[in-house]
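Report on the structure
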Amino acid sequence: MNKAGFLHIPDSRYCFAISENEVLLRLRVAKEDRDLAINLVYGNKYTYHQDQREVKLILKYIDNLHAYYEVCLKLSDVRLTYVFKIQDGDEEWYYHENGFSKTYDFSHAFYNCFQLPYINPIDIHRVVDWADSAVFYQIFVDRFYRGDAEKDDTYINMAWTDKPLPKSFAGGDLEGIRQKLHYLKDLGITTIYLTPIFSSISNHKYDIRDYYDVDKQFGSKLSLKKLVEDIHSLDMKIILDAVFNHSSDLLPEFQDVIKNGKASPYFDWFMIDGDMVDQKAVNYETFAACSYMPKFNTSNRDVQDYLLDVTLHWTREFQIDGWRLDVSDEVSHDFWRRFRQAVKVVNPNLLIIGENWHDAYPYLQGDQYDGIMNYAFTKACLDYFAKETISSQEMAERLNHILMRNTNQVNRMNLNLLDSHDTHRFFTEIGCSTDKLLAAVALLFTYVGIPCLYYGTEIAMEGGYDPDCRRCFDWDKVTQDNDLLTLFKKIIRLRQLPALQKGDITITSQGDLLSVRRHTPSQVIELLINKGQEREIAVGQLVIANGLTDTNLATHGFLIHHLL
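Bear in mind that the values here come from a model prediction, so they are computed numbers and not experimental data.

1. A short note on the overall build of the chain
Scanning the chain for helices and strands turns up 14 helices and 26 strands. Over its C-alpha trace the chain gives a radius of gyration of 26 Å, about what one expects of a compact globule, namely 24 Å for 564 residues. Over its C-alpha atoms, taken along the principal directions, the chain stretches across nearly 80 × 70 × 45 Å. Relative to its full complement of 564 residues, the chain shows a buried share of 58%. A sequence separation of at least 24 residues applies to 67% of the contacts in the chain between residues at least 6 apart.

What follows is the structure, given as structure tokens:
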């Protein structure tokens, strides 16, 4: 038994409440110890010395280094105390706060047992009630569709079919999105996520100069109001992009600092080295190395108040359903805690998604975000489908590892994506293989979390890195007979299955075959993806497939079937 592989931390991703009287506990062990028999010895912290109960932990996940055991407890008394009892062949061990011992003195357990002292309802991370059925669709507004034929279009400097340059403007707007809502509804989309729409001189609008106005290229506040109303009338939802790490250097408050230096009341809103702003020397903190995007000092209470006022204005006045938080890992934890409290008062079911590309656990404990843009899932799909540098076993282990970074609630609210406005187009990365694309999308819709499609993925749009990944939507492909689009719709509709909304997950491999099973007591759905040579597959009640002939599944083929 590899004792160094054991890890358990109370009140963490290894021990968390999922309701007022339910707790999920995890124990991590070394991968080679996945055959251990492990029991939880638990009880009430005030009577534990004389009254203990036992329950078996179940092996649930295996990644490249570790195995993870779990048990879910329903408690009548939410003051939980526990230790783990491990059977390793003929040897019995107890695992507790002090480590390992061959015996355990329950009469003095209050010194070194694990405990979850109390479940306070306000501390439970609640799953937003519409997250489990959500299907996101990200739109780069300037490139989706132009709907307003009467607007001033002198800013447009590219044809719709041109490849974009960094400063290209194509003319897409909010009215264009409104006119295409029925297309999105028919596709199976439930939630539209827009890149920033506030006043800015760029095509992407991530350098905002007026946080209280819709950019005139996209429309007006009335345009947004009409769009939101129509989205809600179709029982869909809308997510806006909050750019609170930085602003445009044209922001009036930054302009005041440029003019007045240290004498400006806004000087401490930014992080400046010296008494005056020097834009040539760039003596102030910025987003990346962009001198035109000065970074906010989000440790400053006045900055926090300003950004919270902006947030509440759009949340209340336009009844939006969530926020995607740009560069959120560079913003202070203190601000995000205030942000969450403020928006959840307005709408407890408003969804908060952070743009964190890495393990974001410190932000995901129920006091800041609900989930993140799950770029770890993106990278796994690139390694598996595009670069083909990992096997099906390694892919199963990677996907399990990603799940073990967070609580169940966070996993259900993470935004899983294949690509975005910040990456190469996935279809281009996989060599324009429709078979690989369909298999990856099938995985996207069977994995735990919220699937998110980048506009045009359903018609196999191509593109390299920014700005090439931001081409204009090719609407001609929608009106043509399009077998790919038909298959996309079928895969998207699988999201309606109970097992793919709230089902447990088991991810394994058999040689070159990747298996992802989602299961409830009454339904088991399995995805199989073949990364090897054509092989015969035992097929249950078939739901959808690509590359399946009779019972033979082709290379890069997939199938989804009912097992129960």
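2. Some remarks on the sheet that holds strand β11 (residues 136-139)
Read around the closed barrel, the 8 strands follow the order β11-β12-β15-β16-β17-β18-β19-β20; overall the barrel is parallel. Direction aside, the axes of adjacent strands within the sheet are offset by 25° on average. Taken together, the 4 bridges between strand β16 (residues 322-325) and strand β17 (residues 351-354) define a ladder with parallel strand orientation. By the bridge assignment, Trp323 is partnered in β17 with Ile352.

3. Some thoughts on the domain arrangement of the chain
Considered domain by domain, the chain is made up of domain 1 (3-116), domain 2 (246-297) and domain 3 (503-563). Each of domain 2 and domain 3 has a C-alpha centre, and the two are 55 Å apart.

4. Description of the sheet that holds strand β1 (residues 15-19)
Strand pairing in a sheet takes place through backbone hydrogen bonds and is either antiparallel or parallel in direction. Spatially, β1-β2-β6-β5 is the arrangement adopted by the 4 strands of the open sheet, whose pairing is antiparallel. The open sheet has two edge strands, β1 and β5 (58-62), and neither has a second partner. Neighbour-to-neighbour, the strand axes of this sheet turn through a mean angle of 30°, independent of strand direction. Looking at chain direction, β5 and strand β6 (residues 66-74) are connected through 4 bridges and run antiparallel. When the bridges of β6 are listed, Ile62 appears paired with Ala67. Sitting on the sheet, helix α8 (residues 392-403) touches β2 (22-30), β5 and β6, and the angle it makes with β5 is about 110°.

5. What to know about the packing of helix α7 (residues 375-386) against helix α11 (residues 434-446)
Between α7 and α11, the shortest axis-to-axis distance is 11 Å and the interhelical angle comes to 145°. Like other packed secondary-structure pairs, α7 and α11 cross with a definite hand, here right-handed. Where α7 approaches α11, its residues Phe377, Cys381, Phe385 and Ala386 are matched on the opposing element by Lys436, Ala439, Ala440, Leu443 and Leu444. Tallied by class, residues from the contact of α7 with α11 come to 8 nonpolar, no polar and 1 charged.

6. Here's the deal with the nonpolar core
Ranked by size, the top nonpolar core spans 127 residues in total, and within it Tyr137 and Leu194 carry the most contacts. Ranked by residue count, the leading element in this core is α11, at 9 residues. In this structure, Leu194 is in contact with Ile139, Val141, Leu174, Ile177, Leu227, Ile238, Ile239, Leu240 and Asp241, ignoring residues within four places of it in sequence.

7. Focus on the pairing of strand β23 (residues 523-530)
Among the 8 residues of β23, 8 are classified as buried, and the element is accordingly described as predominantly covered. Along β23, one buried face is formed by Gln523, Ile525, Leu527 and Ile529 and the opposite face, lined by Val524, Glu526, Leu528 and Asn530, is buried too. Alignment of strand β22 (residues 513-520) against β23, held across 8 bridges, turns out to be antiparallel. Along β23, the bridge assignment pairs Thr520 with Gln523. Counting the residues between successive antiparallel strands, the hairpin from β22 to β23 contains 2 residues.

8. Brief notes about the environment of Leu494
Summarising the element assignment, Leu494 is placed in the loop between α13 (483-493) and α14 (498-502). Between the C-alpha atoms of Leu494 and Thr446, which are 48 residues apart in sequence, the distance is 8.3 Å. Residues within four places of Leu494 in sequence aside, it is in contact with Leu500, Val543, Ile544 and Ile560.

9. Describing the pattern of salt bridges
For the coordinates displayed, the defined rule picks out 32 salt bridges. A salt bridge links Asp367 to Arg337, with the shortest nitrogen-to-oxygen separation between them at 2.8 Å. Here Asp367, found in the loop between β17 and β18 (371-374), pairs with Arg337, found in helix α6 (residues 333-346); they are 30 residues apart in sequence, far enough to count as distant. One connected set of salt bridges, linked through shared partners, spans Arg26, Lys60, Glu70 and Asp504.

10. Focus: helix α4 (residues 252-260)
Those residues of α4 lying buried are Glu253, Phe254 and Val257. The arc that holds the buried residues of α4, viewed along the axis, is 100°, so those residues lie on one side. In this structure, α4 carries Pro252 and Lys259 as exposed residues pointing more than 90 degrees from its buried face. Those residues of α4 hidden inside the fold are in contact with α5 (301-318). Gly261 occupies a position one or two residues after α4 and carries a positive phi of about 55°.

The rules behind these values
Residues numbered from 1 in each chain as written. Predicted model: local features only at pLDDT ≥ 70, side-chain atom pairs only at ≥ 80, totals over all residues. Heavy atoms only, no water. Helix = DSSP H or I, 4+ residues; strand = E, 2+ residues; numbered from the N terminus. Rg over C-alpha atoms; globule rule 2.2 N^0.38 Å. Buried < 20%, exposed > 50% of the residue type's maximum accessible area, 1.4 Å probe, protein only. Contact = heavy atoms within 4.5 Å. Pairing = 2+ DSSP bridges. Axes fitted to C-alpha atoms, helices over the stretch in contact; angles between N-to-C directions. Domains from an automatic or database assignment. Left-handed = near helix turned anticlockwise from the far one by under 90°. Nonpolar A, V, L, I, M, F, W, Y, C, P; charged D, E, K, R; others polar. Core = buried A, V, L, I, M, F, W, Y, C linked by side-chain atoms within 4.5 Å. Salt bridge = Lys/Arg side-chain N within 4 Å of Asp/Glu carboxyl O. Arc of directions from axis to C-beta.

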